[in-house]
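Structural overview for review
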Amino acid sequence: MRLEILPVPGIGHVTEGDDLAALIAGAAPWLRDGDVLVVTSKIVSKAEGRLVDVPADGPERLAARDRVLAEETARVVATRGATRIVQTHHGFVMAAAGIDASNVDKTRLVLLPVDPDASARALRAALRDRHGLDVAVVVSDTMGRPWRNGLTDVALGVAGMPAIRDHRGEVDPYGNELQLTQMAVVDELAAAGELIKGKCDQVPVAVVRGYLTATSDDEEGARALVRDASMDLFSLGTAEARADGLRAAATLPDTTAATPADPDAVARAVAAVAEVVAPGTVFTHVTDAEVRAGLAATVPGWPAAAGGLVLGAAPTPVDPADLVRFGADLQRLRTALAAEGIGSTLLPPPTGSTASATLAL
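Residues numbered from 1 in each chain as written. Predicted model: local features only at pLDDT ≥ 70, side-chain atom pairs only at ≥ 80, totals over all residues. Heavy atoms only, no water.

Notes on the overall build of the chain
When helices and strands are tallied, the chain shows nine helices and 16 strands. Counting across all 361 residues of the chain, residues that qualify as buried make up 39%. Restricting the contact set of the chain to residue pairs at least 6 apart, pairs at least 24 apart contribute 66%. As displayed, the chain offers around 19,600 Å² of accessible surface, 55% of which is attributable to carbon and sulfur atoms. (Helix = DSSP H or I, 4+ residues; strand = E, 2+ residues; numbered from the N terminus. Buried < 20%, exposed > 50% of the residue type's maximum accessible area, 1.4 Å probe, protein only. Contact = heavy atoms within 4.5 Å. Areas by Shrake-Rupley, 256 points an atom, 1.4 Å probe, with all protein chains shown as cover.)

What follows is the structure, encoded as structure tokens:
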């Protein structure tokens, strides 16, 4: 196989409503059947009107960008400082949901196409029907990679070829049957195209020639590249995964109404953390009657509960470091209760208090 990667200069500034097929065919009259067009998603988004107006600078711009990011986010994967790694509604995991402020007016942001596969199919169909060209189309964008520095282009949408080349079942030269090998060929083609498109050269389209001998429609498109959640071993950032695990461990189904917590199990949970809590923290088990008749009735602002553990610390106001330690003690206890199979719900502290809380069991 011998590949050529060819730039398509001269497309110019793309605006909403522009005919991308006409622009590309006019700028590249030398296109051939079987070529693979690697088209940056930004010009697709511009032509489709995927732009939002924002202030040019200042805190108002940041606030507007945050609102747009929230709308484009299906799930937050990881947060570090100002960086947000999120999963988009397409299923892509990327920084800032692919929102881009480069190569666009300062008062606008560019969003990803709503359906990049549909965009690729529409462009392929227009080139075929109006310009007589049978080509594959890859809609690409730039992403970072876990565990790797640097960015690379990947495919967001594809038409005219499968996204993955499946080698499973083939036999290598040593006689080994391949069991897992599936190559994301459209990502490789997207990255190859980026080598000549660049970021500042205003060359939004590249042509890879020699890879295909014929096109073929694959309705799944680039969606085939999105890993199913059940197979994703790294669906959250480290801090987020730890917090999620602690929440899951300490918040079990509430069985209070049906089955009161076993006092012996509560005692074991308390004993398990008693030696590692901050000095001055006291765990006191109270009965249903005591909570109803005493705590909820005598402490203003404290909600009624069916029973629970009261955690008391130093009188308010407390040192911030003491409060942090108290919160850690509370989390240790909830985790220990979970290990005993006891559901726990953290109830709000009394109004004005910063150093006490109760667990409803």
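Having put the structure on the table, let's press on.
Overview of the confidence of the model for the chain
Within the chain, residue pLDDT values average 80, and 72% of them lie at 70 or more. Confidence drops under pLDDT 50 across residues 347-357; counting only partners more than four residues distant or on other chains, this segment forms 38 contacts. (pLDDT = per-residue confidence, 0-100.)

Things to note about the sheet that holds strand S6 (residues 93-95)
Sheets are built from strands paired through backbone hydrogen bonds, the pairs being either parallel or antiparallel. An order of S4-S5-S6 is seen for the three strands of this open sheet, with the pairing classed as antiparallel. Each edge of the sheet is formed by a strand with only one pairing partner; in this case those strands are strand S4 (73-80) and S6. Along the sheet, successive strands turn relative to each other by an average axial angle of 30°, direction set aside. Across six bridges, the pairing between S4 and strand S5 (residues 83-88) is antiparallel. Paired with Arg 80 across the strands is Thr 83, a residue of S5. Across the sheet, helix H3 (residues 58-72) is in contact with S4 and S5; its angle to S4 comes to roughly 125°. (Pairing = 2+ DSSP bridges. Axes fitted to C-alpha atoms, helices over the stretch in contact; angles between N-to-C directions.)

Section: the environment of Ser 216
Mapped onto the elements, Ser 216 comes out in the loop between strand S12 (205-209) and helix H6 (238-250). Sequence separation between Ser 216 and Val 135 is 81 residues; the distance between their C-alpha atoms is 9.4 Å.

Remarks on unusual backbone geometry
Phi is positive for Ala 97, which is not a glycine, with a value near 55°. With respect to the element layout, Ala 97 can be found in the loop between S6 and strand S7 (108-110). Here the phi dihedral of Trp 147 falls at roughly 70°; this positive angle occurs in a residue that is not glycine. If you trace the backbone, Trp 147 turns up in the loop between strand S8 (136-145) and strand S9 (148-159).

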